Amino acid sequence: MSNLRNPQYDACLHLATSYQCNLECNYCIAGIRYVSDIFTKADPINISALKKTLNNSNKIYRINFTGGEPFLTPNIVEACIELTKKHFIAFNSNLTPKKVEEFAEKINPERVLSIDASCHIKELERRNLLSRYIHNFLLCKNRGFNIRAIEVGYPPLLKESDKYIKIFLEKGIDLTFSPYLGSYKGKFYPDSYSEKELKILGLTEKDIIDWFHQYGKLCNAGYNVCIIYPDGDIRYCFFINKSLGNIYEGIKFNDKLIRCPVKLCNCPVNIYDPYLFRKAISEVGPYDAEWIQPFKNRIKEYMKNLFFERKQNYLIDNTRKLIIEKVMSNKFLRKYLFKHWI
Ligand code: SF4
Ligand code: SF4
């Protein structure tokens, strides 16, 4: 475990390194199986530009690598070596790419706040990767990383939770389940979990409401937490489109808190990092918190860039062509596009 029990950092960046993943889980909220044939390549991180932006902002960061699968990024270990000289890092990973071993060997566990090792059991079994997951998990654990094995509480899987918890326990791994957000057999989750299922997740109905139903509540997204898309574009959160710059050019945080504008949030930053939320409250207080437009503008802007302004420079021309062809060959999308954006 990390010796740094009270790490001091000023802000958190959720950095999606790419949309590429080596798995295709059927409950993936990143929609990987729909885009994996389009976003074919994880580009390297521009480490020197990233470091320059972070240095210029004069803050210590927690950088949460996510994706897609962040360990598919070609220079991820080099990026971690550089970033951990000054900042802290954390990972959401399926833990199966080869780079995990190199990471475990070269990176100081004391600068890694957490590794959430997503354990997609059925997909790992289907691809014969379960033993590699277990090997990499134990390697990281034995090297002293703060690592957790977390499976998505997909309703059909919860029926077999006892079996899988036992299998993992025999290997020395505590398997836990996290809430699934999405629909299954016409029901919407996490709201539709039964009492028995909630017990497996270790949650109550109140936890579900408090965590994911954030509409109107205070949030520090944009103030000291933000998300970064693979092209470096910085936004408040996955639902709020407003820009905070580009991580390879410069970052400018908002100077106040916001009120959450969406009914259901799948990553409530105020819950997931209470340290930064409390810090934000103590610095600026809740009184002039802003309301900001949610997600749909992001789609609008994305389509505009894709079709007209060609700003998404991480997309090579053939990929752009492929996306345009896919969108235009779908009757519904074509109609929607012409109605709203052209
Ligand atoms: S491992 Fe994660 S990102 Fe990859 S397909 Fe599964 S849920 Fe999606
Ligand atoms: S949707 Fe955005 S603003 Fe709302 S709680 Fe989630 S992170 Fe905060």
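Reading the values: rules and limits
- Residues numbered from 1 in each chain as written.
- Chains lettered and ligands numbered in written order.
- Predicted model: local features only at pLDDT ≥ 70, side-chain atom pairs only at ≥ 80, totals over all residues.
- Helix = DSSP H or I, 4+ residues; strand = E, 2+ residues; numbered from the N terminus.
- Buried ≥ 20, exposed ≤ 12 C-beta atoms within 10 Å, placed from the backbone.
- Contact = placed C-beta atoms within 7 Å.
- Near = placed C-beta within 6 Å.
- Nonpolar A, V, L, I, M, F, W, Y, C, P; charged D, E, K, R; others polar.
- Pairing = 2+ DSSP bridges.
- Axes fitted to C-alpha atoms, helices over the stretch in contact; angles between N-to-C directions.
- Parallel < 35°, antiparallel > 145°, perpendicular 65-115°, else oblique.
- Core = buried A, V, L, I, M, F, W, Y, C linked by C-beta atoms within 7 Å.
- Left-handed = near helix turned anticlockwise from the far one by under 90°.
- Arc of directions from axis to C-beta.

Regarding the overall build of the protein
Point 1. Counting its secondary structure elements, the protein contains 15 helices and 15 strands.
Point 2. The burial tally for the protein puts 35% of its 342 residues in the buried class.
Point 3. Intrachain contacts of the protein at a sequence separation of at least 6 include 75% that bridge at least 24 residues.

Here we look at the site of ligand 2
Point 1. In the vicinity of ligand 2 lie 13 residues, with Gln-214, Cys-219, Cys-237, Cys-260 and Cys-265 positioned nearest.
Point 2. Of the residues belonging to the shell around ligand 2, the class tally is 12 nonpolar, 1 polar and no charged.

As for the sheet that holds strand 6 (residues 175-179)
The strands that make up a sheet pair up through hydrogen bonds in the backbone, lying either parallel or antiparallel.
Point 1. Ordered by their spatial adjacency, 10 strands build an open sheet running 6-5-4-3-2-1-10-11-12-13, and the pairing between neighbours is mixed. The outermost strands of the open sheet, each flanked by one partner alone, are strand 6 and strand 13 (250-251).
Point 2. Here strand 4 (residues 112-118) pairs with strand 5 (residues 147-153) via 4 bridges, running parallel. When the sheet's bridge partners are listed, Ala-117 is paired in strand 5 with Ala-149.

A closer look at the packing of helix 4 (residues 99-106) against helix 6 (residues 130-142)
Point 1. At a minimum axis separation of 10 Å, helix 4 and helix 6 run at an interaxial angle of 5°. Our classification of the angle between helix 4 and helix 6 gives roughly parallel. Note on element contacts: helix 6 touches helix 4 through Asn-136, Leu-139 and Cys-140, opposite Val-100, Glu-101 and Ala-104.
Point 2. Looking at the contact of helix 4 with helix 6 residue by residue, the class counts come to 4 nonpolar, 1 polar and 1 charged.

Thoughts on the nonpolar core
Point 1. Formed by 67 residues in total, the largest nonpolar core has its most connected members in Leu-13, Ile-89, Ala-221, Cys-226, Ile-228 and Cys-237.
Point 2. No other element matches strand 1 (residues 11-16), which puts 5 residues into this core.
Point 3. Residues within four places of Ala-221 in sequence aside, it is in contact with Cys-226, Tyr-236, Cys-237, Ile-240, Ile-258 and Val-269.

Focus: helix 8 (residues 161-170)
Point 1. Of all 10 residues in helix 8, 1 are buried; the element is thus mostly exposed.
Point 2. Downstream of helix 8 by a residue or two, Gly-172 has a phi angle that is positive, lying close to 90°.

Thoughts on the sheet that holds strand 9 (residues 218-219)
Point 1. Pairing in this open sheet of 3 strands is mixed, and the strands run 9-14-15 from one edge to the other. Only two strands of the sheet have a single partner each, and these edge strands are strand 9 and strand 15 (290-291).
Point 2. The pairing of strand 14 (residues 258-259) with strand 15 spans 2 bridges and is parallel. Looking across to strand 15, one finds that Ile-258 is bridged to Glu-290.

Thoughts on the pairing of strand 11 (residues 233-237)
Point 1. Among the 5 residues that make up strand 11, 5 are buried, leaving the element largely enclosed by the rest of the structure.
Point 2. Bridging between strand 10 (residues 225-228) and strand 11 involves 2 bridges; their strand directions are antiparallel. Directly across from Ile-227, in strand 11, lies its bridge partner Arg-235.
Point 3. Where strand 10 folds back onto strand 11 in an antiparallel hairpin, the turn is made up of 4 residues, including Gly-232, whose phi is positive at roughly 95°.
Point 4. One ladder, built from 4 bridges, connects strand 11 with strand 12 (residues 240-246); its direction is antiparallel. What sits directly across from Arg-235, in strand 12, is Ser-243.
Point 5. In this antiparallel pair of consecutive strands, strand 11 and strand 12, the connection spans 2 residues.

As for the packing of helix 3 (residues 76-83) against helix 4
Point 1. Contact geometry of helix 3 with helix 4 gives a least axis separation of 9 Å together with a crossing angle of 20°. Comparing the axis directions of helix 3 and helix 4 gives the class roughly parallel. The two elements helix 3 and helix 4 meet at a crossing, and its hand is right-handed. Here Ile-76, Val-77, Cys-80 and Ile-81 of helix 3 lie close against helix 4, whose contacting residues are Lys-99, Glu-102, Phe-103 and Lys-106.
Point 2. A breakdown of the residues in the contact of helix 3 with helix 4 according to their chemical character gives 5 nonpolar, no polar and 3 charged.

Brief notes about helix 3
Point 1. Residues Ile-76, Ala-79, Cys-80 and Leu-83 constitute the buried set of helix 3. Taken down its axis, helix 3 places every buried residue within 100° of arc, on the same side.
Point 2. Looking at the buried positions of helix 3, the neighbouring elements they touch are helix 2 (47-57), strand 2 (61-66), strand 3 (88-93) and helix 4.

Examining the pairing of strand 10
Point 1. Residues Val-225 and Ile-227 of strand 10 are buried on one face, and the alternating residues Cys-226 and Ile-228, pointing to the opposite face, are buried as well.
Point 2. Alignment of strand 1 against strand 10, held across 4 bridges, turns out to be parallel. Counterpart to Leu-15 in the pairing with strand 10 is Ile-228.

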